[in-house]
Amino acid sequence: MTMKSFSYRAFLVLGLFFWASVSAQEAEKDKLQGMIDAALDVIYTDTYTTLSAYEKQSQVREKLESRYDLDVMIRYAIGKNWRRMNKREQLEVLELVKQLVLKAYVIGLDGKDRPSVTLGELTEIGKARIEIESIIVLDTKTYYILYRLRQMDSGWQIYDIVAENISVSSNYRGQIDDHFRKGSGADLIARLKDLLVKDEINEDTKI
Amino acid sequence: MKTRKFKRPRAWACLIGLLTVTTLTAQVRNLTEDEAFFYEEVDESTDVYDPFESVNRFTFVFNDFVFSNTVQPLVDAYTSIAPDPVEEGTSNFFHNLRYPVRLASNLLQCRFKGAWVETGRFAINSTVGIVGILTPADDYEGFTPIKSEDVGQVFGAWGIGEGPYLVLPFLGPSNLRDLAGFFGDRAVNPLKEPFGVIDDWKWERQLALSGTGYIARSPQIIERYKQLKGSSIDPYSSLKNGYAQYRRGAVAE
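These figures come from a predicted structure and were not determined experimentally.

S.K.: Now, about the overall build of chain A: what can you tell me, with residues and values included?
M.R.: A tally of helices and strands in chain A yields 6 helices and 5 strands. Moving toward the C terminus, one meets the helices and strands of chain A in the order α-α-α-α-β-β-β-β-β-α-α. Of all 207 residues assigned to chain A, the portion counted as buried reaches 29%. In chain A, once contacts between residues fewer than 6 apart in sequence are set aside, the share between residues at least 24 apart is 53%.

So, in structure tokens, the structure goes:
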């Protein structure tokens, strides 16, 4: 094989590799859009109107989990505190945080008009990491939300959502860091269970 | 029946073994990389200097009580009585009144384009938009809304540190730099003391204006606060972190 033909083939292979990588990333946009639409459908389409809030949460969860592994984002938010819990506590915290976030999501959209969500630019933000911008129009106001994804062993997974400069993972990491300065895994579980049984989100603060 | 003899069985065994080992190693490496990823620092720092945590927590609970029992019912009544266009118009009116703060903050950061856009928006909205109730400037090219600036952000852009985190009674989360910025905002606002331009303004009228402005912008604030609180493990910590991230982002922009 001459040097020239080798260079040509190498260039072709690299080009194909790059193209495959770019189209794989672009496919993530469709997958993400599909997840958002499917979750919103549960809250807003007539098919689901008879469902209770809890049933809606379960349906939303099913839609999300069919596309992404929600544990990734929660594990990332827990960070090093993961090692401060035993195996049973780790699994329980994963489950309870998931329920809390889904509950807040469904309650947060209750009674509002369906937001329109359009995905914007996809940016590579590091090794095996991408960021997808989404433009949300809700009640005539426009919001920008960034979805951060990382290529994991299980495929591309969402590890952070940034809304108006506030990273959800960082916010939870801060809370959990604060918790473990004084509390334990068992305390965290008790706190999460307590939050989940409250019907109203304002109930817990009394003076 | 003739069976095909497998040539070089050792070489094939070695090759298959090598491939298996390589695949397994790659999987283990991926798992380790994935595991390491979970322990890395988050992009946005979670550190907030909070030496007055116990006092802040008390003030947070106090504010929450006031919010839930005083501001929330007032806002609920306001939002149920006022039709959406009235709500929006009132919010626009008070936003327009804060133009001097935004202008000064842009100029102090040498953001002349921002100052120009804010001035254009103020001129268009105050005239065509009937004292700022409407926002026709949104449709003028070059005068679409930009991020609001305040004196606290100016201090941040000048490199002044945040200082300790504070929870101010009735006002909510802040830090030492933003508290100074709050007084700076008042100083450059001709409708507020100590440099108010209207001499014969009675305090009752000033209070009424400030109170109405507070209620007008509260629905959005309350909505965000409720969402943040509803999804948080520790609402105090969540608000502290959320506020710090929001302000850091605003300064960095």
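S.K.: Outline helix α8 (residues 203–230) of chain B, listing residues and values.
M.R.: Each α-helix turn comprises 3.6 residues. Residues three or four places apart therefore point the same way. The end-to-end C-alpha distance of α8(B), which contains 28 residues, comes to 37 Å, matching closely the 40 Å that a straight helix rising 1.5 Å per residue would cover. Turning to α8(B), its buried residues number three or more, namely Ala216(B), Tyr225(B), Leu228(B), Lys229(B) and Gly230(B).

S.K.: Account for the interface of chain B and chain A, with residues named and values stated.
M.R.: Listed per partner, the contact involves 31 residues of chain B and 33 residues of chain A. Residue assignment for the side of chain B that touches chain A shows that the elements contributing at least two residues are α1 (9–39), α2 (53–81), α8 and α9 (235–252) of chain B. Take the side of chain B that touches chain A: its biggest share by element is 8 residues, from α9(B). Partitioning the side of chain B that touches chain A into residue classes produces 11 nonpolar, 13 polar and 7 charged.

S.K.: So, the environment of His179(A): which residues are in play, and what are the values?
M.R.: Checked against the element boundaries, His179(A) lands in helix α5 (residues 168–182). Considered as a pair, His179(A) and Asn81(A) are 98 residues apart in the sequence and their alpha carbons are 9.6 Å apart. When near neighbours in sequence (up to four residues on either side) are disregarded, His179(A) contacts Leu188(A), Ile233(B) and Asp234(B).

S.K.: Outline unusual backbone geometry, supporting the account with residue identities and numerical values.
M.R.: Positive phi is not limited to glycine here, since Ala128(A) has a value of about 60 degrees. Positionally, Ala128(A) belongs in the loop between β1 (116–126) and β2 (129–138). Residue class for Ala128(A) comes out partly exposed when judged on the 13 C-beta atoms lying within 10 Å of it. One non-glycine residue, Ile130(B), adopts positive backbone phi at about 50 degrees. In this structure, Ile130(B) sits in the loop between α5 (112–127) and α6 (151–157).

S.K.: Talk me through the sheet that holds strand β4 (residues 155–163) of chain A; I want residue IDs and the actual numbers.
M.R.: As a general point, the strands of a sheet are linked pairwise by backbone hydrogen bonds and lie either parallel or antiparallel. Residues and elements named next belong to chain A. Strand order in the open sheet made by the 5 strands is β1-β2-β3-β4-β5, with antiparallel pairing throughout. The open sheet has two edge strands, β1 and β5 (166–167), and neither has a second partner. As paired strands, β4 and β5 are joined by 2 bridges and run antiparallel to one another. Note that in β5 the partner of Val162 across the bridge is Ser167.

S.K.: Just give me the short version of helix α4 (residues 87–109) of chain A, but keep the residues and values in it.
M.R.: All names here are of chain A. Here α4 spans 34 Å end to end across 23 residues, near enough to the 33 Å set by a 1.5 Å rise per residue. Taken residue by residue, α4 has Val93, Leu96, Val97, Val101, Leu102, Lys103, Ala104, Tyr105, Val106 and Leu109 as its buried positions. Downstream of α4 by a residue or two, Gly111 has a phi angle that is positive, lying close to 80 degrees.

How each quantity is defined
Residues numbered from 1 in each chain as written. Chains lettered and ligands numbered in written order. Predicted model: local features only at pLDDT ≥ 70, side-chain atom pairs only at ≥ 80, totals over all residues. Helix = DSSP H or I, 4+ residues; strand = E, 2+ residues; numbered from the N terminus. Buried ≥ 20, exposed ≤ 12 C-beta atoms within 10 Å, placed from the backbone. Contact = placed C-beta atoms within 7 Å. Expected span 1.5 Å × (residues − 1). Nonpolar A, V, L, I, M, F, W, Y, C, P; charged D, E, K, R; others polar. Pairing = 2+ DSSP bridges.

Shape is all these values report; function is a separate question.
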